[in-house]
Amino acid sequence: MGACLGVCSLLSCVSCLCGSAPCLLCGCCPSAKNSTISRLIFTFFLFLGTLVSIIMIIPGVEKELHKLPGFCEGSGSVLGVQTHVDCSSFLGLKAVYRMGFAMAAFFFFFAILMVCVRSSKDPRAAVQNGFWFFKFLLLVGITVGAFYIPDGAFTSVWFYFGVVGSFLFILIQLLLLIDFAHSWSQLWLRNAGESNAKGWYAALCTVTFIFYAASIAAIVLLYIYYTKPEGCTEGKVLISINLILCLIVSAVSILPKIQEAQPHSGLLQASLITLYTIYITWAALANVPMQACNPTLLVRNSTSSATATQPLTTWWDAPSIVGLIIFILCTLFISIRSSDHPEVNKLMLTEESTAGVGGDAVEHGEHRAYDNEQDGVSYNYTFFHLCLLLAALYIMMTLTNWYRPDESLRVLSSPWTAVWVKISSSWAGLLLYLWTLVAPLVLPDRDFS
């Protein structure tokens, strides 16, 4: 009897994988919106592809695979059968680019498919919120096909697609960071006002001080390690410009006129934006293609053996690790949360709808996802998939340190393109934050509450 129940339970899970999101929650899970569950599962697909990419570039993976009998070409035979699989063909930088292409193609397909979906009554909404097993097979199929793309100029050309996509995703990161900073400040100030407790103000001041202290320390370290008394003019100029811009936005955020128009505006938001800007500056300087001005410049990385003058290097440098963490947080932020600010919701095309049958599901004690989009979608399906597409390109560039390969994949270089893309994105983010401060004064007739 127990075996029969186990089989029935397994068949139920399989049917859920072929069905809609409501099946995927078990009795121990709280009730959740159908739209939220679908976004989380698509994000899980992205994280899964990222994990595979990370495994493919871990140093020593090919050596370990060669220890498995019959797995790689030249690793021995199993029962007299010799394999002809070249393990180097699906490891290293080439593999990361192909995984990035596969994930980008996957999300681009759904972005096109979901154009103009207005509610869950549209038949395409069922595809968005269900058939997960078949979606997974589609992703696997695209990934396998990507590894059959001839080397040639593919990687060199795809590098520029990654640069453009990463630039746009950094802008999305900055937008989410600005929204998060405003929401954080408003929450703590509201709690301080309602409870009349000075602890909230103390916490606000402490966090702000920590952010500014970390920013100052980082700037000092950038001047020490990425500039020289003579030379390295580019690094000195870029650090100084961003330092000046951060001082400007910090000063503007506490001007009386700004405080009058936006009482919740303050140094907490400015300190968080400053810290992120310094991180972007650090990431940009880590791509300066001059060894004398960039101590973290990687010489090369290939699955092939290195010569004595070209030591093997690892991709686990600090800017990449921080970038990976920010990537995870931002994609989760996109998936599970809508903004407290209507203007941000309009820009990100995400605004939670109160439509649906969620109340009935909760009242009857059903622990499952419920359809909250019968009268209108709570987020733009196409825009969401485009965000994940950009995220896939961003993580592809992050894992390869924004290095540009040649057609042979043996010569890697850190181009000035990566430096200017990152620096220009930091400037765009500072201008965007500055606009959120002065917009109520420039456009007094609009509601920015």
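Scoring rules and cut-offs
- Residues numbered from 1 in each chain as written.
- Predicted model: local features only at pLDDT ≥ 70, side-chain atom pairs only at ≥ 80, totals over all residues.
- Heavy atoms only, no water.
- Helix = DSSP H or I, 4+ residues; strand = E, 2+ residues; numbered from the N terminus.
- Contact = heavy atoms within 4.5 Å.
- Areas by Shrake-Rupley, 256 points an atom, 1.4 Å probe, with all protein chains shown as cover.
- Disulfide = S-S within 2.5 Å.
- Patch = residues over 30% accessible without salt bridge, like charges linked within 9 Å, V, L, I, M, F, W, Y side chains within 5 Å.
- Salt bridge = Lys/Arg side-chain N within 4 Å of Asp/Glu carboxyl O.
- Buried < 20%, exposed > 50% of the residue type's maximum accessible area, 1.4 Å probe, protein only.
- Axes fitted to C-alpha atoms, helices over the stretch in contact; angles between N-to-C directions.
- Left-handed = near helix turned anticlockwise from the far one by under 90°.
- Nonpolar A, V, L, I, M, F, W, Y, C, P; charged D, E, K, R; others polar.
- Parallel < 35°, antiparallel > 145°, perpendicular 65-115°, else oblique.
- Core = buried A, V, L, I, M, F, W, Y, C linked by side-chain atoms within 4.5 Å.
- Polar contact = N/O pair within 3.5 Å; in protein donor to acceptor, adjacent residues only side chain to side chain.
- pLDDT = per-residue confidence, 0-100.

Let us look at the overall build of the protein chain. Summing up its helical and strand segments, the protein chain has 16 helices and six strands in all. Excluding contacts between residues fewer than 6 apart, the proportion of contacts in the protein chain whose partners are at least 24 apart in sequence is 75%. For the protein chain, the exposed surface amounts to about 21600 Å²; the carbon and sulfur share of it is 70%.

Taken as a whole and assessed by the stated rule, the structure comprises one disulfide. Disulfide pairing is shown between C232 and C293; the S-S distance is 2.0 Å. One quick way to see it: the torsion about the S-S bond of C232 and C293 is about -95 degrees, and its sign makes the bridge left-handed. Residue C232 is found in the loop between α8 (198–225) and α9 (233–253), and its partner C293 is found in the loop between α11 (267–285) and α12 (318–336); the two are separated by 61 residues along the sequence.

The grouping of F131, F133, F134, F136, L137, V140, V144 and Y148 at the surface amounts to a nonpolar patch, some 770 Å² of accessible area in total. In this structure, F136 sits in helix α6 (residues 132–146). Accessibility expressed as a relative area gives 33% for F136, which makes it partly exposed.

For Y381, the location among the structural elements is in helix α15 (residues 381–399). On the basis of relative accessible area, Y381 is assigned to the buried category, the value being 1%. Y381 sits 271 residues away from F110 along the chain, and the two C-alpha atoms are 8.4 Å apart.

Right, let's talk about the side chain of N287 for a bit. Within the secondary structure, N287 is located in the loop between α11 and α12. Of the residues examined, N287 reaches a relative accessible area of 2% and is grouped as buried.

Glancing now at the packing of helix α7 (residues 154–195) against α15. Look at α7 against α15: their axes get within 7 Å of each other, and the N-to-C directions meet at 115 degrees. Of the two elements, α7 crosses α15, and the hand of that crossing is left-handed. Residue-level inspection shows W158, F159, F161, G162, V163, G165, S166, L168, F169, I170, I172 and Q173 of α7 in contact with α15, the latter providing C387, L390, A391, L393, Y394, M396 and M397. Looking at side-chain class alone, the contact of α7 with α15 contains 15 nonpolar, four polar and no charged residues.

Attention now goes to the packing of α7 against helix α16 (residues 416–442). Between α7 and α16, the shortest axis-to-axis distance is 9 Å and the interhelical angle comes to 30 degrees. Comparing the axis directions of α7 and α16 gives the class roughly parallel. Note on packing geometry: the crossing formed by α7 with α16 is right-handed. On the side of α7, the interface is formed by V163, F167, I170, L171, L174, L175, I178 and H182, while α16 contributes T417, V421, S424, S425, A428, G429, L432, Y433 and T436. Within the contact of α7 with α16, the residues separate by chemical class into eleven nonpolar, six polar and no charged.

Our focus in this paragraph is unusual backbone geometry. Even without being glycine, C116 reaches a positive phi, approximately 65 degrees. Residue placement: C116 occurs in the loop between α4 (93–113) and α5 (123–128). Residues other than glycine seldom take positive phi values, yet F131 does so here, at roughly 55 degrees. Position of F131 relative to the elements: it lies in the loop between α5 and α6. On the accessibility criterion, F131 (38% relative accessible area) is partly exposed.

Moving on: the nonpolar core. Counting 80 residues, the largest nonpolar core has F42, L46, F107, F169, Y276 and F327 as the members making the most contacts within it. Leave out the neighbours within four places in its chain, and F327 touches L46, F47, T50, F169, Q173, A391, Y394 and I395. Residues Y226, I239, L285 and A286 belong to the second largest nonpolar core, which totals twelve residues.

A few words now on the side chain of Q269. Position of Q269 relative to the elements: it lies in helix α11. The class for Q269 is buried, based on a relative accessible area of 0%. At 3.3 Å, the side chain of Q269 and the side chain of H182 are in polar contact. Ignoring sequence-local partners within four residues, the contact set of Q269 consists of A181, H182, S185, H264 and Y433.

Our focus in this paragraph is the confidence of the model for the protein chain. Residues with a pLDDT of 70 or more make up 68% of the protein chain, whose mean pLDDT is 74. This model gives residues 76–84 a pLDDT under 50, and the stretch forms 16 contacts once residues within four places in sequence are excluded. Segment residues 352–367 is flagged for pLDDT under 50; beyond a separation of four residues in sequence, or across chains, it makes 29 contacts in the model.

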